Amino acid sequence: EKQFFFMEAHNGISAKLVEKHKFDGIWASGLTISSSMGLRDVNEMSWSQVCEILNYITLSSDLPVILDADTGYGSFNNTIHLTKHLDRIGIQGICIEDKIFPKKNSFFQGHKQPLEDIEIFSGKIKSIKDSSSNIQVVARIESLIAGWGMDEAIKRANAYREAGADAILIHSKRKDISEIDEFIKTWGSEFPIVLVPTTYYKTKPNYFLKNKINIVIWANHLLRSSISSMEETLQIVKKNKSLKKIENKIFPVNEIFNITKMQELTNNE
Ligand code: SPV
Ligand code: MG
């Protein structure tokens, strides 16, 4: 059974790089799209601003894209409205999480985030399926990460499968796979599973293989590595008042021309 590894992208250039490196698909991450705009991952960007970014992502790559659509940006009706737009943009997957709009990033240590009512969330899943035959729905369960427990997670997995979800994303902020593993063993369902190993990053690839995990998402690693690289450049240039120490470390301008296909323009001219 094939496994799919999705890497995050938050703009056109990151989408192009994900494709160049032959990942299976793109995770259009709420965290990285909003942070790249200098905003918080708390639905400060509107759904239509997110769709604008998606237009650049789909223009830049032919890879399948799953949009991290948070809660679906409101009620089931907002979610339907969004789905129609995603269909036109050409997105293949939408992931919605069972928190309440406006949500906060799951790793943010604040209060225990409330979960959406199961019936209401199941209604959102059904309404996406009813409004598009092209878009696959990943239902993301926040019970574990928000501290509501394993029984709640299992109950929700059953309900979301019943409602027509195409896959379940079970999220955890443990440093190891233990909680996820318990969920998978307890649920015992032969159903597509999506994982986001951000905190349990030490998990061996063999675990994903053995447990038939369908999609593994590297959720924020291009944004985080680009911030590290920008930090390094800033420190070196600030200190030296010169570019000499940085020029050979950074991506050449000519390579940017290659990535954006400048030669194609010349040929067309
Ligand atoms: C995102 O990438 O925005 C996600 C994954 O939702 S996480 O930040 O791990 O919750
Ligand atoms: Mg998110």
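Predicted model only: the values in this text are computed from it and were never measured.

**Q** Run through the overall build of the chain, naming residues and quoting values.
**A** The helix and strand inventory of the chain stands at 11 helices and 8 strands. For the chain, the C-alpha radius of gyration of 20 Å lies close to 18 Å, the compact-globule estimate for 269 residues. C-alpha atoms of the chain, sized along the principal axes, occupy 60 × 40 × 40 Å. Within the chain, the proportion of its 269 residues that are buried is 46%. Across the chain, every contact between residues at least 6 apart in sequence was considered, and the portion connecting residues at least 24 apart equals 68%.

**Q** Requested: an account of a nonpolar patch on the surface, with residues and values cited.
**A** On the surface, Val253, Phe257, Met262 and Leu265 cluster together into a nonpolar patch covering about 360 Å² of accessible area. Of all elements in the fold, only α10 (253-259) and α11 (262-268) reach the threshold of two or more residues within the nonpolar patch. By the secondary structure assignment, valine 253 is in helix α10.

**Q** Hey, could you go over the site of ligand 1 for me, with residue numbers and the actual values?
**A** Residues in close proximity to ligand 1 include Trp27, Ser29, Gly30, Leu31, Asp41, Asp68, Asn105, Ser106, Phe107, Arg140, His171 and Ala219, which together make up its full environment. Asparagine 105 is positioned with one of its side-chain polar atoms (N or O) 3.1 Å from an oxygen atom of ligand 1. Separating an oxygen atom of ligand 1 from a side-chain N or O atom of arginine 140 is a distance of 2.6 Å. Protein chains bury 100% of the 280 Å² of accessible surface belonging to ligand 1 in isolation. Split into classes, the residues belonging to the shell around ligand 1 amount to 4 nonpolar, 5 polar and 3 charged.

**Q** Just give me the short version of the pattern of salt bridges, but keep the residues and values in it.
**A** Per the stated rule, a full pass over the model turns up 16 salt bridges. Close ionic contact of aspartate 24 with lysine 2 constitutes a salt bridge, the shortest N to O distance being 3.5 Å. Remark: lysine 2 occurs in the segment before β1 (4-9) and aspartate 24 occurs in the loop between α1 (12-20) and β2 (25-28); sequence separation between them is 22 residues. A residue is classified by how much of its surface remains accessible, and aspartate 24, at 23% relative accessible area, is partly exposed. Across the pair lysine 185 and aspartate 181 runs a salt bridge, and its minimum N-O distance is 2.9 Å. In this pair, lysine 185 and aspartate 181 both sit in helix α7 (residues 178-187), 4 residues apart, roughly one turn of the helix. Beyond isolated ion pairs, a larger network of salt bridges with shared partners links Asp41, Asp70, Glu97, Lys99, Lys103, Arg140 and Glu142.

Scoring rules and cut-offs
- Residues numbered from 1 in each chain as written.
- Chains lettered and ligands numbered in written order.
- Predicted model: local features only at pLDDT ≥ 70, side-chain atom pairs only at ≥ 80, totals over all residues.
- Heavy atoms only, no water.
- Helix = DSSP H or I, 4+ residues; strand = E, 2+ residues; numbered from the N terminus.
- Rg over C-alpha atoms; globule rule 2.2 N^0.38 Å.
- Buried < 20%, exposed > 50% of the residue type's maximum accessible area, 1.4 Å probe, protein only.
- Contact = heavy atoms within 4.5 Å.
- Patch = residues over 30% accessible without salt bridge, like charges linked within 9 Å, V, L, I, M, F, W, Y side chains within 5 Å.
- Areas by Shrake-Rupley, 256 points an atom, 1.4 Å probe, with all protein chains shown as cover.
- Salt bridge = Lys/Arg side-chain N within 4 Å of Asp/Glu carboxyl O.
- Near = heavy atom within 4 Å.
- Polar contact = N/O pair within 3.5 Å; in protein donor to acceptor, adjacent residues only side chain to side chain.
- Nonpolar A, V, L, I, M, F, W, Y, C, P; charged D, E, K, R; others polar.

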